[in-house]
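Chain residues, written in single-letter form:
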Amino acid sequence: MTTLSLNDKFVKNYVSEKKMNDIYSEINVAQKTLIDRVGEGNQFLGWIDLPVAYNKEEFARIKIAAEKIQKSCDVFIVIGIGGSYLGARAAIEFVKSPVYNSLPNKKTPDIYFAGNSISASALSDLLKICEGKDVCINVVSKSGTTTEPAVAFRVLRNLLEEKYGKEGAKNRIFATTDKEKGTLKKFSDDNGYETFVVPDDVGGRFSVLTAVGLLPIAVAGIDIDKMMLGAKDAREKYLGKEASTNDCMKYVALRNLLYRDGKQIEVLAAYEPALQMYTEWWKQLFGESEGKDGKGIYPSSVIFSTDLHSLGQFIQDGTRNLFETVIDIKNSNDELLIPFDPDNVDKLNFLAGKDLNYVNHTAMLGTLFAHSDGNAPNIVLELADRSEYSFGYITYFFELACAVSGYVLGVNPFNQPGVESYKKNMFALLGKDGYEELREELNKRIN
């Protein structure tokens, strides 16, 4: 089968052929705006050609550093927030397992993620995990001053310096940051840390196929060459192709037409727990790209069949303002046959001898029929497997779809002005210099 294909069987009744044909011209214009680099946010389009124009020298250094980390530590901690960690974590769980750290006989370090919250308990627990173990860290930050990762880096750097001394710690700290400027870049150069680059023209949520994601992914023993090849082939398949013959642009068309028809929420559904963090990455990609100027499709996610027992009722029978996009993994990594029970206590002997993958797929089909019949349209993306290649392929698919969809919506898909609001308030309340007037205003509101 092809790596990725769009199945519109469960959405056809909601979108007419005429509406599809009408919106294709809009999508072709939006895609041309993207490719010609004449739209808003055009300074952040480095991801478009990344699969064919990435820095080969740095790519080689990533592999060397990953091998060094694998040999020198038991625990590898990635410090970052948002796009600085979501893509890497999504890839590791997608390709390896959501229980990667507990896999037996693996020859790669346990990998943990820090700096994505301000929780004292979470960071304290991680420090306990590090006791008696060799540790390396990778701090990922364009500036080095973002509060959550900066605090975590300060704490974990202190741990390494106390354990190995300053000289020993510098060989265990890797920084992914700006190429030339910024607090973290200067600090890393002053202390002799090996550095990798957050490209100026690639925003955080589009950065998983840069050093931001590739170093942790490689440390997990994942073949990053195959991952980049998947992205390269997806680029060749979808970029610049006519919308009517292009599954990526067809996805853009369907989701935008459903939005115009009152379906304001998109639920990304998967039937494999290994995709849970991938759905989190997807939510940031679309939420941060489209949610502005009073517009946007709200991105949500579920893992079925688990969430059929929690959110299934609402999706089936609640407010009719949502649609689903389902990732259907066609080939599983494992086979598990259901055993026969002579007593048939649970009345499930009709499943005896069947592969659990078959039962899971059948549950998906039953749900697709039920939800689409219940006025919740379903777009199905059929993905070959959970390989490195497929990860790179579907990731480029979503990045391209997101960028074009943003232009169709009439927003700048590459900025995030709303994210700055909470930061200003937090800095003011914490007493940072330069925020005195705002601090006074907020304190009046508190009191």
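Whatever comes next refers back to the structure up there.
These lines cover the structure that appears in this document, whether it is placed above or below. Worth saying up front: this structure is predicted, and the values here are computed from it rather than measured. (Residues numbered from 1 in each chain as written. Predicted model: local features only at pLDDT ≥ 70, side-chain atom pairs only at ≥ 80, totals over all residues. Heavy atoms only, no water.)

Formed by 100 residues in total, the largest nonpolar core has its most connected members in Leu34, Trp47, Tyr278, Phe398 and Leu400. A total of 13 residues in this core trace back to one element, the largest contributor, which is helix α14 (residues 388-409). Excluding residues that lie within four positions of it along the chain, Tyr278 makes contacts with Ala90, Phe94, Ile327, Phe391, Ile394, Thr395 and Phe398. (Core = buried A, V, L, I, M, F, W, Y, C linked by side-chain atoms within 4.5 Å. Buried < 20%, exposed > 50% of the residue type's maximum accessible area, 1.4 Å probe, protein only. Helix = DSSP H or I, 4+ residues; strand = E, 2+ residues; numbered from the N terminus. Contact = heavy atoms within 4.5 Å.)

Positionally, Val202 belongs in the loop between β6 (194-197) and α8 (211-219). Residue class for Val202 comes out buried when judged on its relative accessible area of 5%. Sequence spacing of Val202 and Leu50 is 152 residues, and the spatial spacing of their C-alpha atoms is 9.2 Å. Residues within four places of Val202 in sequence aside, it is in contact with Gly46, Trp47, Ser207 and Thr210.

Under the defined criterion, the tally for this structure stands at 28 aromatic pairs. Seen in terms of ring centroids, Trp47 and Phe414 are 6.4 Å apart; in terms of plane orientation they differ by 40°. Their pairing is tilted. With Trp47 in helix α2 (residues 46-53) and Phe414 in the loop between α14 and α15 (419-430), this pair connects stretches of sequence that are 367 residues apart. The buried category is assigned to Trp47, whose relative accessible area is 1%. Overall, Phe414 belongs to the buried group, its relative accessible area being 6%. Relative to Phe304, the ring of Tyr271 has its centre 5.5 Å away and its plane inclined at 65°; by these criteria the two rings are edge-to-face. (Phe/Tyr/Trp six-rings, centres within 6.5 Å; stacked < 30°, edge-to-face > 60°.)

Among the structural elements, Thr325 can be located in strand β9 (residues 322-329). Considered as a pair, Thr325 and Arg255 are 70 residues apart in the sequence and their alpha carbons are 8.9 Å apart. Side chain to side chain, Thr325 and Glu266 meet in a polar contact 2.6 Å long. (Polar contact = N/O pair within 3.5 Å; in protein donor to acceptor, adjacent residues only side chain to side chain.)

Attention now goes to the pattern of salt bridges. Here the structure, examined in full by the defined rule, presents 27 salt bridges. Note that Asp22 and Lys18 form a salt bridge whose closest N and O atoms lie 2.8 Å from each other. Residue Asp22 and its partner Lys18 are both found in helix α1 (residues 17-35); the two are separated by four residues, about one turn of the helix. We classify Lys18 as exposed; its relative accessible area is 59%. (Salt bridge = Lys/Arg side-chain N within 4 Å of Asp/Glu carboxyl O.)

Another point: the environment of Gly318. For Gly318, the location among the structural elements is in the loop between α12 (312-317) and β9. Take Gly318: its relative accessible area is 23%, and that puts it in the partly exposed class. When the C-alpha positions of Gly318 and Gly115 are compared, they lie 36 Å apart, and in sequence the two are 203 residues distant.

The next subject is the packing of helix α9 (residues 224-238) against α14. Between two packed helices, both the angle of their axes relative to each other and the distance between the axes serve to describe the pair. Across the interface, α9 lies against α14 with an axial gap of 6 Å and an inter-helix angle of 40°. Classified by the interaxial angle, the pair formed by α9 and α14 is oblique. Considering only the axes of α9 and α14, their crossing is right-handed. Facing Lys226, Met227, Leu229, Gly230, Ala231, Asp233, Ala234, Arg235, Lys237 and Tyr238 of α9, the residues of α14 in contact are Glu388, Tyr389, Phe391, Gly392, Tyr393, Tyr396, Phe397 and Leu400. (Axes fitted to C-alpha atoms, helices over the stretch in contact; angles between N-to-C directions. Parallel < 35°, antiparallel > 145°, perpendicular 65-115°, else oblique. Left-handed = near helix turned anticlockwise from the far one by under 90°.)

This part is about the state of the cysteines. The term disulfide refers to a covalent linkage connecting the sulfur atoms of a pair of cysteines. Overall, the coordinates contain zero disulfides when judged by the stated rule. Here Cys73 stays free of any disulfide, with the sulfur of Cys136 as its closest cysteine sulfur at 3.6 Å. Since its relative accessible area comes to 6%, Cys73 is described here as buried. By relative accessible area, which is 0% here, Cys136 ends up buried. (Disulfide = S-S within 2.5 Å.)

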